[in-house]
Amino acid sequence: MSAVTQDTAVSTGRATRAFLYLVLILFALFYLLPLYVMGVNSLKPLPEITGGNMMALPQTWTLDPWRSAWSTAQIGVEPTGLKPYFLNSILMVVPAVAISTIVGALNGYVLTKWRFRGDTWVFGLMLFSCFIPFQIVLIPMAVVLGKLGLAGSVPGLILVHVVYGIGFTTLYFRNYYASFPTELIRAAQIDGAGFFRIFWRILLPVSGPIAVVSVIWQFTNIWNDFLFGVSFGGTSQPMTVALNNLVQSSTGVKEYNVHFAGAILAALPTLFVYIVAGRYFVRGLMAGSVKG
Amino acid sequence: MATTEADFRTTLQDWLPKLVLAPSFAVTLLFVYGFILFTVVLSFTGSKMLPKYDWVGFENYQKLFALPAWNTAIVNIAIFATLYIVICTLIGLMLAIFLDQKIRGEGVLRPIYLYPMALSFIVTGTAWKWFLDPGIGLEKIMHLWGWESFSFTWIKDGEMALYTIVIAAVWQTSGFVMAMFLAGLRGIDNEILKAAQIDGASNWQLYRRIVIPLLRPAFLSAFVILSHLAIKSYDLVIALTGGGPGRATEMPATFMYSYTFTRNQMGIGASSAVIMLMTIAAIMVPYLYAELKEKKA
Amino acid sequence: MGFLDIRNVTKSYGNVEVLHRVDIAVEEGEFLVLVGPSGCGKSTLLNMIAGLEAITGGEIAIKNRVVNGVHPSKRNIAMVFQSYALYPNMTVGQNMTFGLEMHGVPKPERDKALASVAKLLQIDHLLDRKPGQLSGGQRQRVAMGRALVRNPDVFLFDEPLSNLDAKLRVDMRTEIKKLHHNLKTTIVYVTHDQIEAMTLSTRIAVMNKGFVQQLGTPKEIYDTPANLFVATFMGSPAMNIVPATVVMEGGQPHAAVTDAEGQVRNLRFSQPGLAAWEGKPILLGIRPEAITDPEGADRKSSNIQPLTNRVTVTEPSGADTFVTMTLSGKDVIARMRADANVTAGQVFDFAVNMEKAVAFDPATEDRITA
């Protein structure tokens, strides 16, 4: 979203403005509340939560819940902490994001600069695939992954995320390249550049912003995915599934502080991306909703 | 006399774009539309733990709609989706209009409203699950702060647990709706607003009669995105309530998963997935069709 | 047989034919302008010459080599685009030599070609800049430079001046004309601006609705337009078209028109052949500059006809004064000297140079050749 504030014609009185600020700040507190709760309580010993006030700052500051969440907490049956699952997520996310973004860029290039009869239909079919409830593909996907020998493996998850991600990446690049003058492609053709050369030399150098949008969107979506992870993760479960297992485990004492630390660990990569490149994150969200 | 030379390279160049697009298209056809077809077929079979191909007609659908769990899920999704969409839209619109009044600190507030969108529903669910837990969370906090009679046990209450999902879901996405409306507001020609003021419209009339009608496209987008998120909602329910207490917060997404993979009623699971797809398609297809057609024109 | 031959070329999209049997032979060194309103097919034709659009029927040959189906880069052509189409990520120098690089020309040769063209166009100081840092006029020069560096057989220009402001457009027009004069290159140039077409071309093809309406030198097009479309499209203000009847007087054909008071006035034609149209309705075409005050009339003309009529409006433009009157129910514009003594409402004695008048058949809208 552009940070340009336009000169609004609406004028407001002093009392009204005070009210506006009050409401806006209350909502800011509402949005920050869970983050505060997670942060504060992940740094407390457990008795301070069960016996004390969740809103209070820690009396004894401790990093033990973080250590426990990272390397020793019981996930399912193994006391491994979240570390191996964090690595699973990384191993899954990086190739899935890279592949889906590259494929999306090429698709967008073809769909805008090498148009053919029926291309809108092809795109429409790909676009609709972004919005299906994935429950409709769970059963056949389980069957196919089993047949391919990819069930319960990181490559299997990569395949799934690429397949259901290219709709969005194609959408991004298509809309971006649509505003890129087609005359440039024609000029390059006359200059003697072929299909890939034009892509590589003319389009790719100016694709930076949309590539960032696509990478961030894919990264956030794939990192945060739970349904595919829990369905096809098997022994290579991603971070979200592990966190859920940690929180939902019915055995032993509920270590809330460890749960909160784990939740922050699961949120850190995407939060980091949001803080560093929030502008692009919002652009991706908007492009995914308002295609115009 | 002249010779024609349609060389090999030129012909290849003509085919290259289609060759490049072909794998994606094939993958989409197979993994999306092929799979949809496969699930539709399964929904007409008596599959249990593994796919079988014995045709049973509409039996699964009849069973499905006779199941109390499915009916709970349908009622729940209807309540959840309605509240979620309405509340998100109201909050989003309000925050956007407020933020658009030359608010100092907009640059700080906007990212705060929006950051929940970057989190996974599992994280959101974990945070709210414990915050709303009467034993350690909100109720206890209020008691410790001296409000002894305060009671908030929704998350443990079969009647009310659904509304905690609404709270968490609204928390996660209302900032995004705000961003959509804000973009819409910033896109309105300021001269229209000035003209309306010269015509004597009060602030309230200005928004009700001019601005909000002009935000129609943003309303439509918000509705489409939110309803699609609502129907797909699986992670949040799992993390927050696990579908409970009992089956109080069962949704079509959780129903489909448990019937297919834990109760080994694949035929019924498939038929519930088909119903979900048809619901989303009824909303998305006209929307996407209109958007693509507009582009073409 | 020409240098660039367009032989019976047609273009269809599906079942719709948008370009109908175009047949033009362009000689080496010619400057051919394709002019017409938007949607007339001129850009489609240019794109087919370039190889950017497939040819549906007929053939195009450059230097006797049929290029149907040949890749654009192998036709030895260069093109200047309306938006200039400069690669935004490359410097001016890289932009201009990209084509040579793609054709495998070694770097020293590329640099040599670049240096000489840059000098010719006076853009040597811009070579390291990016297109985004250039003004409109500079971009235009770079776009031409990119075409020149290639040293192609044929230059194609697609409305290259339409994105410039009025003054720059005139300057660049002169520049292009000079360039053509000095380099003697073969050029096909598309524009919707009839002044550009008149000033630049050695030959013009006026197009409308997918047909070439007339192909000829600027003078032929202007003085003897083939039909009503060409007559009204070329020239500004447009040619006056007035309904008239052919009458015989003293054995000579005359155009009978009615003035503002409804009185019939006869204007003698210079074409005796129009006698064959006696008694029939025609459309009389007179260019504004052919209607003047008696002192401003063309002294070389052998057929100045007097016409007395009431003046509706006068519009002084500085260099000329445009005078409007009503003739046969139509507004007719006369272009007079700035100091012509004429005021609105006055009954004025005009002088009509009928040597320059043309007549059209109202049924076919074609010019009557007699």
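Keep in mind that this is a model prediction, so the values were computed, not measured. (Residues numbered from 1 in each chain as written. Chains lettered and ligands numbered in written order. Predicted model: local features only at pLDDT ≥ 70, side-chain atom pairs only at ≥ 80, totals over all residues.)

A. Region of interest: the nonpolar core. Counting residues in hydrophobic clusters, the biggest one holds 286 residues, and the most contacted among them are Leu82 of chain A, Phe181 of chain B together with Leu34, Met79, Leu156, Val188 and Leu284 of chain C. If we ignore the near neighbours within four places in the chain, the residues touching methionine 79 of chain C are Ala187 and Ile190 of chain A together with Ala50, Ala147, Leu156 and Asp158 of chain C. (Core = buried A, V, L, I, M, F, W, Y, C linked by C-beta atoms within 7 Å. Buried ≥ 20, exposed ≤ 12 C-beta atoms within 10 Å, placed from the backbone. Contact = placed C-beta atoms within 7 Å.)

B. Structural detail: the interface of chain A and chain C. Every contact between the two is made by 13 residues of chain A and, on the other side, 17 residues of chain C. It is helix H9 (residues 182-190) of chain A that contributes the most residues to the side of chain A that touches chain C, 6 residues altogether. (Helix = DSSP H or I, 4+ residues; strand = E, 2+ residues; numbered from the N terminus.)

C. Seen up close, the pairing of strand S14 (residues 281-286) of chain C. All names here are of chain C. Most of S14 is tucked away: 5 of the 6 residues are buried. Pairing of strand S11 (residues 240-249) with S14, which is carried by 6 bridges, proceeds in the antiparallel orientation. Its bridge partner lying in S14, asparagine 240 is registered against isoleucine 286. Bridging between S14 and strand S20 (residues 358-360) involves 3 bridges; their strand directions are antiparallel. Bridge pairing links leucine 283 to phenylalanine 360 in S20. (Pairing = 2+ DSSP bridges.)

D. Geometry of the environment of lysine 63 of chain C. Residues and elements named next belong to chain C. Its location among the elements puts lysine 63 in the loop between strand S4 (57-62) and strand S5 (65-66). Once the C-alpha coordinates of lysine 63 and glutamate 28 are considered, the two residues, 35 residues apart in sequence, prove to be 9.1 Å apart. Ignoring sequence-local partners within four residues, the contact set of lysine 63 consists of Phe3 and Asp153.

E. Summary view of the sheet that holds strand S1 (residues 4-13) of chain C. All names here are of chain C. With respect to topology, 4 strands assemble into an open sheet ordered S2-S1-S4-S5, the strand pairing being antiparallel. In this open sheet, the two strands that pair with only one neighbour each are strand S2 (16-26) and S5. Looking at chain direction, S4 and S5 are connected through 2 bridges and run antiparallel. Note that in S5 the partner of isoleucine 62 across the bridge is arginine 65. Relative to the sheet, helix H1 (residues 42-50) contacts S1, S2 and S4, its axis offset from that of S2 by approximately 65°. (Axes fitted to C-alpha atoms, helices over the stretch in contact; angles between N-to-C directions.)

F. Molecular detail of the interface of chain B and chain A. Counting from both sides, the interface comprises 89 residues of chain B and, opposite them, 80 residues of chain A. With 17 residues, helix H1 (residues 8-42) of chain B is the single largest residue contributor to the side of chain B that touches chain A. Its residues assigned to classes, the side of chain B that touches chain A shows 62 nonpolar, 17 polar and 10 charged. (Nonpolar A, V, L, I, M, F, W, Y, C, P; charged D, E, K, R; others polar.)

G. Summary view of helix H10 (residues 195-203) of chain A. Taken together, the buried positions of H10 of chain A are occupied by Phe195, Ile198, Phe199, Ile202 and Leu203 of chain A. In a view along the axis of H10 of chain A, the buried residues occupy a sector of 110°, so they form one face of it. (Arc of directions from axis to C-beta.)

H. Structural context of the sheet that holds S14 of chain C. All names here are of chain C. Reading across the sheet, the 5 strands line up as S13-S12-S11-S14-S20 and stay open at both edges, with antiparallel pairing between neighbours. Two strands in the sheet have a free side with no partner beyond their single neighbour: strand S13 (264-268) and S20. Here the strands of the sheet are splayed against their neighbours by 45° on average, with no regard to which way each runs.

I. A look at the confidence of the model for chain A. On average, chain A scores 85 in pLDDT, and the residues at 70 or more come to 93%. Of the regions scoring below 50 in pLDDT, residues 1-7 of chain A engages in 13 contacts with residues more than four places distant in sequence or in other chains. (pLDDT = per-residue confidence, 0-100.)

J. Spatial organisation of the domain arrangement of chain A. Residue and element names in this part refer to chain A. When its domains are assigned, chain A resolves into domain 1 (14-70) and domain 2 (83-289). Its C-alpha centre places domain 1 at a distance of 32 Å from the equivalent point of domain 2. In this assembly, 12 residues from domain 1 lie in contact with 11 residues from domain 2. Contributing elements (two or more residues each) for the side of domain 1 that touches domain 2: helix H1 (14-41), helix H2 (46-50) and helix H3 (64-72). With 5 residues, H3 is the largest single contributor of residues to the side of domain 1 that touches domain 2. Taken together, the residues of the side of domain 1 that touches domain 2 sort by class into 7 nonpolar, 4 polar and 1 charged. (Domains from an automatic or database assignment.)

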